[in-house]
Amino acid sequence: MNHSVLRKAAILGLAAFTLAGTFSPAVNAQVSLETSVDNEGTPIQGGTLKIAAVAGEPFSGAFSSLVADQSTDLSVVEGYINTGLFEYDENLQIKDTGLASAKLDPENKKVTITIRKDQKWSDGQPLTIDDVIAPYYIIANKDYTGIRYGDDFKNVVGIEDYHDGKSDTISGLKKIDDYTLEISYKTFSASMKQVGGGISPYVEPKHIYDKIAIKDIADSDQVRVNPVGMGPFRVKSITPGEAIVLESNEYYFKGKPKVDGAVIEVVNPSTAVAEMKAGNYDLAELPTDAYDTFKDASNFKTIGTVENTYSYIGFKFGSWNKDKEEVEMDPSKVIQNKALRQAMAYAFDADAVGQRFFSGLRFRANTLIPSLFKSVHASDLPGFTYDPEKSKQILADAGFVDKDGDGFIEDPNGKPFTLKFLARSSSDIAEPLWSYFVDSWKQVGINVELLDGRLYDFNSYADMLRSDDQSFDVFEGAWGTGGDPNPTGFYSKKAPFNYERWADDKNEELLDALSSDKAFDEAYRKEAFHAWQAYTNEELPAIPYLYRYGIRSVNNRVKHYDVANGSSFGIEQLELTADEPIK
């Protein structure tokens, strides 16, 4: 069970470095976490599960997938109240064990959704295919105030005509019967097999929303006071911003949960570890940068799984042409020289970064596809191991030589250059972390400096990327892929999220292959993904350097818990072995 995969501090000072600016020998290794936990004890009847929602901000109170845009709220909705249509396997591909199944028809660009018969909402009202159709009409309505009306919805035939008021219906939605819906799409790729890859997962109680003006949904009782859902729990009470009390839903399609209910409270990250050690909660996603302070806790265990996220070093190749709506490369930039990018990839020690800064919960990435996606991840590619001598040789072979004796190379034309590095002040470890990168590049003769000599807060950093600011040459970033590993949305020349502003004809050809009809064949798809990863490892529009674990801490009174993607374990199966969490 791992719902969070679908969405998008221990302070380490400079003492971790030697005077030369490189890491001293590592003393710990990449963590190897179990994905499940089993505790001793005989389960009690019922009981109340106590959950810490670890967050630096309160609940916004929008407990609906239609309008929630805060991850803490969404985790409550998706995990407990209204879990959605689909379940997925270890590669995040839709499987038929959920409330609904999806039959794909690539040739005709159609998907047939079939929901289980004789199901009910948490208020006892029947759940039908009309409840699957309703979200399309809400989200595409001109009065809708949420953020869900994006490319996936716009890909449904006729939905834009409805949105623009040209039609009263969405022609691409065809109700077959009370349990079956046929959806027609404009474009259709193998990404449709992935959860979050193009098929809406939403199911909402039409009998409730029919009574609410669409412009008023965000502030309605259905969203903020008494949400009706189809998940394992129903809402009993809400303390705005602070807590939500749940009771078991006897109408849940997988059966009534074994616990009587649950209490979810917002807990600040600074106190979350102490709260778990004090035995105040059963479940918590504790801060990973504090892992060393709780990894050996006596009253709870920490399990985890690799996430759909990777960290990277990006290069600024050009700009966004608004008229053409595509990337436009600047050939004058020194980072256009592939040898320079490759040299930078071998100059820092990603293994040591993961160990020393993140307690081994982050580990060296070898491609721009997260290793979570086992069916398409190119695990055989070596990636970039720390080899400063190789960096120097690559530079020398390409004509990057220090001609004036200042310790830094000039470009092949003999012109000195300095690369400006944009980095975030995201945590207490940010300064030593990014200083290490800068020092590592300088150690091989590449003159890199932090942009304006400082780190930027997240909002300023994001604004600079989005606005196509040209004052930097290199930047650090991280992408969460959602349920679909297809990288087109990040690296196509037509993708606004291609913040590197990299355009390459061969890359477009390889990306097209990933989205072609042939990619519905698993062998072809795997080969196509491998070809793209090999090519981007050679061309390096961005240097992948860390994958990461997501972790969950589980009190010893929880009999069994499992976070593996594709696991058959669900929260409805959870049992407790004591009346209160173990202290």
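Each value, and the rule that gives it
- Here the residue numbering is sequential within each chain, running from 1 through the sequence in written order.
- The model is predicted, so local features are restricted to residues of pLDDT at least 70 and side-chain atom pairs to those at 80 or more, both for listing and for counting; the totals for chains, interfaces and linings are taken over all residues.
- Heavy atoms from the whole structure form the basis of all side-chain values; hydrogens and water molecules are not counted.
- Buried and open spaces are told apart on a 1 Å grid over the protein atoms alone, a cavity being a set of points where a 1.4 Å probe fits but cannot get out and a pocket being an open set with protein on both sides within 12 Å along at least five of seven lines. Residues with an atom within 4 Å of a point are the lining residues.
- Grid points are joined across faces, edges and corners, and a volume is the space filled by probe spheres set on the points.
- Three categories are distinguished: nonpolar for Ala, Val, Leu, Ile, Met, Phe, Trp, Tyr, Cys and Pro, charged for Asp, Glu, Lys and Arg, and polar for the others, with Gly belonging to the last.
- Only buried residues count toward a nonpolar core, which is a set of Ala, Val, Leu, Ile, Met, Phe, Trp, Tyr and Cys residues joined through side-chain atoms within 4.5 Å.
- For the exposure calls, accessible area comes from a 1.4 Å probe over protein chains only, and a residue counts as buried if that area is under 20% of its type's maximum, exposed if over 50%, partly exposed in between.
- Should any heavy atoms of two residues lie within 4.5 Å, those residues are counted as being in contact.
- A helix here means a DSSP run of H or I that spans at least four residues, while a strand means a run of E at least two residues long, and both kinds are numbered starting from the N terminus.
- Note that the arc is defined by the directions from the helix axis to the C-beta atoms.
- All the domain ranges listed were derived from an automatic or database domain assignment.
- When two parts are brought into contact, each loses some accessible area as probed by a 1.4 Å sphere; the total of that loss over both is the buried area.
- The term salt bridge refers to a side-chain nitrogen of Lys or Arg lying within 4 Å of a carboxyl oxygen of Asp or Glu.
- Any two strands with at least two DSSP-identified bridges between them are counted as paired.
- Axis angles are defined between N-to-C directions and span 0 to 180 degrees, where every axis is a line fitted to C-alpha atoms and, for a helix, only to the segment in contact.
- Put simply, two rings from Phe, Tyr or Trp (the six-membered ring, in Trp's case) pair if the centres are within 6.5 Å, and we call them stacked under 30 degrees between planes, edge-to-face over 60, tilted for the rest.

1. Quick word on the layout of surface pockets
Put simply, the second largest pocket is a space of about 190 Å³. Residue lining of the second largest pocket: 13 residues in total, with Ser-332, Lys-333, Val-334, Asp-411 and Asn-413 positioned closest to the centre. A per-class count over the lining of the second largest pocket returns six nonpolar, four polar and three charged.

2. Remarks on the nonpolar core
In terms of nonpolar packing, the biggest core is built from 150 residues, with Met-344, Phe-421, Trp-434, Phe-437, Trp-441 and Ile-446 touching the most fellow members. Beyond its immediate stretch of four places on either side in the chain, Met-344 contacts Phe-315, Leu-419, Trp-441, Ile-446, Val-448, Val-474 and Ile-543. Formed by 27 residues, the second largest nonpolar core is a distinct cluster that contains Phe-63, Tyr-80, Leu-246 and Leu-576.

3. Description of helix α13 (residues 458-466)
Along α13, the residues classified as buried are Tyr-461, Ala-462, Met-464 and Leu-465. Around the axis of α13, the buried residues are gathered within 160° of arc, so they sit on the same side. Facing away from the buried side of α13, by more than 90 degrees, are the exposed residues Asn-459 and Arg-466. Next to the buried residues of α13 lie β19 (419-422) and β21 (474-480).

4. As for the environment of Gln-45
One can find Gln-45 in the loop between β1 (36-38) and β2 (48-54). Classification of Gln-45 as exposed rests on a relative accessible area of 77%. Through-space distance from the C-alpha of Gln-45 to that of Val-263 is 17 Å; in sequence the pair is 218 residues apart.

5. Quick notes on the domain arrangement of the protein
Assigned domains within the protein: domain 1 (33-56 + 232-299 + 556-582), domain 2 (83-223) and domain 3 (307-549). A separation of 36 Å is found between the C-alpha centroids of domain 2 and domain 3. Taken over both partners, the interface formed by domain 2 and domain 3 buries close to 1,200 Å², and the fraction arising from carbon and sulfur atoms is 50%. Our count for the domain 2 to domain 3 interface comes out at one salt bridge. Of the charged contacts in the structure, one is a salt bridge between Glu-522 and Lys-193, with a shortest N-O distance of 2.3 Å. Each residue belonging to the side of domain 2 that touches domain 3 can be placed in one class, and the counts come to six nonpolar, six polar and two charged.

6. Focus on the sheet that holds strand β5 (residues 100-105)
Taking strand neighbours across the sheet as the criterion, the four strands line up as β5-β6-β10-β9 in an open arrangement whose pairing is antiparallel. For this open sheet the edge positions go to β5 and β9 (173-177), each flanked by a neighbour on one side alone. Strand-to-strand twist in this sheet, taken as the mean axis angle between neighbours without regard to direction, amounts to 20°.

7. Description of empty space enclosed by the protein
Over the atoms rolls a probe the size of a water molecule, and its path tells where empty space is left. Quantified by volume, the largest cavity comes out at close to 50 Å³. Lining the largest cavity are Phe-63, Ser-64, Ser-65, Val-77, Ile-81, Asn-82, Glu-204, Tyr-209, Gln-222, Pro-227 and Val-228. Considered class by class, the residues forming the lining of the largest cavity number six nonpolar, four polar and one charged.

8. Regarding the pattern of salt bridges
Applying the stated criterion to the full structure yields 27 salt bridges. A single network of salt bridges, built from pairs that share partners, joins Asp-130, Lys-175 and Asp-178.

9. Focus on the packing of aromatic side chains
Summed over the entire model, instances satisfying the criterion amount to 35 aromatic pairs. Judged by centre distance (6.2 Å) and plane angle (55°), the rings of Tyr-80 and Phe-233 are tilted. Note that Tyr-80 is positioned in helix α1 (residues 71-81) and Phe-233 in strand β11 (residues 233-239), a separation of 153 residues in sequence. When its relative accessible area of 10% is taken as the criterion, Tyr-80 is described as buried. Aromatic side chains Tyr-185 and Phe-188 sit 6.0 Å apart centroid to centroid with 65° between the ring planes, which places their arrangement in the edge-to-face category. You can call Tyr-185 buried: its relative accessible area is 3%. Phe-188 gets classed as buried once you look at its relative accessible area, which sits at 7%.

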